[in-house]
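So the chains spell out like this:
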Amino acid sequence: MKRLWSIVQRGTQAGLSQLLYFPYVLRLRLQRRPSRKLQVGCGAHRFPGWTNADIDPRADLIIYLERRLPFADRSLDRIYSEHVLEHVPYEVAVQFLREAWRVLAPGGVVRIAMPDLDDLVDGYCSDWRRFDWINWPDLAFVKTRAQMLNIAFRWWGHRHLYNREELARALFDAGFTEHEFVDLGQSRWPDLRGLETRLDSKLVVDAVKR
């Protein structure tokens, strides 16, 4: 019954988000001084001074990665997402990154943080219990490394996992010619430091529009 109620709640939320999509876009366009920083997939982690977007009606803005971003060309300086792109097919991720390139001003940065496929493979081959998420109470049933790897690939709506090579390919396909992989919480740009909220965000990149 609890699981059924959760499904009903998600369905209701999704329907409400669809209804509110255009009103939220209109509200954004009526703002006198909209933020030049966009967080995509904010969840409960809202950044002060940013437009915090999600598919949840509690966000500032409702965004679907398959759609055109509701911003003018060259109107943003920063875009950030954590644990988002691995939840959509590769083609949808590239579509979003192309939109990010379009709406960023020259010198603007998109920062992507996500799990690292290479790190998962390394854990599979060595100490697979070292991941923080494998010790969550809900995953106490996991007994084998194969079970761990299948969960990493298939759970939480994951559609396409990335390593550095694959994320660089997506950025290049979207038009970004300059990028830098960085450690968790680190960046050349001070306002992009310390944004990550997940210890398993092992793959972090800053890509610059030139």
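Residues numbered from 1 in each chain as written. Predicted model: local features only at pLDDT ≥ 70, side-chain atom pairs only at ≥ 80, totals over all residues. Heavy atoms only, no water.

> Break down the overall build of the chain for me, with residues and values.
Within the chain, the regular secondary structure consists of five helices and seven strands. Element order for the chain, N to C, with α for helix and β for strand: α-β-β-β-β-α-β-α-α-α-β-β. Its C-alpha atoms give the chain a radius of gyration of 18 Å, within 12% of the compact-globule value 17 Å for 210 residues. With respect to the three principal axes, the spread of C-alpha positions in the chain is 55 × 45 × 30 Å. The 210 residues of the chain split such that 49% are buried. In the chain, of all internal contacts separated by at least 6 residues, the share reaching a separation of at least 24 is 66%. Summing over all exposed atoms, the chain offers an accessible surface of approximately 11600 Å²; the carbon and sulfur share of this is 55%. Of the side chains in the chain, 32 bear a positive and 27 a negative charge, and the two mean positions are spaced by 6 Å. (Helix = DSSP H or I, 4+ residues; strand = E, 2+ residues; numbered from the N terminus. Rg over C-alpha atoms; globule rule 2.2 N^0.38 Å. Buried < 20%, exposed > 50% of the residue type's maximum accessible area, 1.4 Å probe, protein only. Contact = heavy atoms within 4.5 Å. Areas by Shrake-Rupley, 256 points an atom, 1.4 Å probe, with all protein chains shown as cover. Lys, Arg positive; Asp, Glu negative; His and termini not counted. Charge placed at Lys NZ, Arg CZ, Asp CG, Glu CD.)

> Before we move on, could you go through the packing of helix α2 (residues 90-103) against helix α5 (residues 164-174) and cite the residues and values that matter?
Helix-helix packing is characterised by the crossing angle of the two axes and by the distance between the axes. Relative orientation of the contacting elements α2 and α5 amounts to 55°, with a least axis distance of 8 Å. Judged by the inter-axis angle, α2 sits oblique to α5. Considering the relative orientation of α2 and α5, their crossing is right-handed. Residues Tyr 90, Val 94, Leu 97, Arg 98 and Trp 101 of α2 form the contact with α5, whose own contacting residues are Glu 166, Arg 169, Ala 170, Leu 171, Asp 173 and Ala 174. Looking at the contact of α2 with α5 residue by residue, the classes come out as seven nonpolar, no polar and four charged. (Axes fitted to C-alpha atoms, helices over the stretch in contact; angles between N-to-C directions. Parallel < 35°, antiparallel > 145°, perpendicular 65-115°, else oblique. Left-handed = near helix turned anticlockwise from the far one by under 90°. Nonpolar A, V, L, I, M, F, W, Y, C, P; charged D, E, K, R; others polar.)

> Account for the packing of helix α3 (residues 117-125) against helix α4 (residues 145-154), naming residues and giving values.
Two elements in contact, α3 and α4, have axes whose closest approach is 9 Å; the angle formed by their N-to-C orientations is 165°. Judged on the interaxial angle alone, α4 and α3 are roughly antiparallel. The two elements α3 and α4 meet at a crossing, and its hand is right-handed. Of α4, the residues touching α3 (which contributes Leu 117, Leu 120, Gly 123, Tyr 124 and Cys 125) are Arg 145, Ala 146, Met 148, Leu 149, Ala 152 and Phe 153. Class assignment of the residues belonging to the contact of α3 with α4 gives a composition of nine nonpolar, one polar and one charged.

> Residue-level account of the sheet that holds strand β2 (residues 51-54), with values.
Within a sheet, adjacent strands bond to each other through the backbone by hydrogen bonds, running parallel or antiparallel. Strand order in the open sheet formed by seven strands is β3-β2-β1-β4-β5-β7-β6, and the pairing between neighbours is mixed. Strand pairing shows two members of the sheet lacking a second neighbour, β3 (61-62) and β6 (178-182), which therefore form its edges. One ladder, built from six bridges, connects strand β4 (residues 76-82) with strand β5 (residues 104-114); its direction is parallel. Paired with Leu 76 across the bridge in β5 is Leu 104. The sheet strands contacting α2 are β1 (37-40), β4 and β5, and the helix crosses β5 at an angle near 150°. (Pairing = 2+ DSSP bridges.)

> Kindly report on the packing of aromatic side chains, identifying the contributing residues and their values.
Under the defined criterion, the tally for this structure stands at ten aromatic pairs. Measuring from centroid to centroid gives 4.9 Å for Tyr 21 and Phe 22, while their planes differ by 80°, and the two rings are edge-to-face. Classification of Tyr 21 by relative accessible area gives buried; the value is 6%. When the centroid spacing of 5.3 Å and the interplanar angle of 75° are considered together, the rings of Phe 47 and Trp 50 count as edge-to-face. There is no split in this pair, since Phe 47 and Trp 50 are both buried. These aromatic residues form a ring-pair network of at least three members: Phe 131, Trp 133, Trp 136, Phe 141, Trp 155 and Trp 156. Its guanidinium or amino end placed over the ring of Tyr 90, Arg 169 lies 4.0 Å from that ring's centre, counting from NZ or CZ. Its guanidinium or amino end placed over the ring of Trp 101, Lys 209 lies 4.2 Å from that ring's centre, counting from NZ or CZ. (Phe/Tyr/Trp six-rings, centres within 6.5 Å; stacked < 30°, edge-to-face > 60°. Lys NZ or Arg CZ within 6 Å of the ring centre and 35° of its normal.)

> How would you explain the nonpolar core if you had to name every residue and give the values?
Core analysis: the largest hydrophobic core is formed by 41 residues, its most contacted members being Leu 65, Ile 79 and Leu 85. Of all the secondary-structure elements, those providing two or more residues to this core are α1 (2-30), β1, β3, β4, α2, β5, α5 and β7 (203-208). With eight residues, α2 is the largest single contributor of residues to this core. Dropping the residues within four chain positions of it, Leu 85 is found in contact with Leu 65, Ala 93, Phe 96, Leu 97, Ile 112, Met 114, His 160 and Tyr 162. In terms of nonpolar packing, the next biggest core, distinct from the first, is built from 13 residues, Trp 133, Leu 149, Ala 152 and Leu 161 among them. (Core = buried A, V, L, I, M, F, W, Y, C linked by side-chain atoms within 4.5 Å.)

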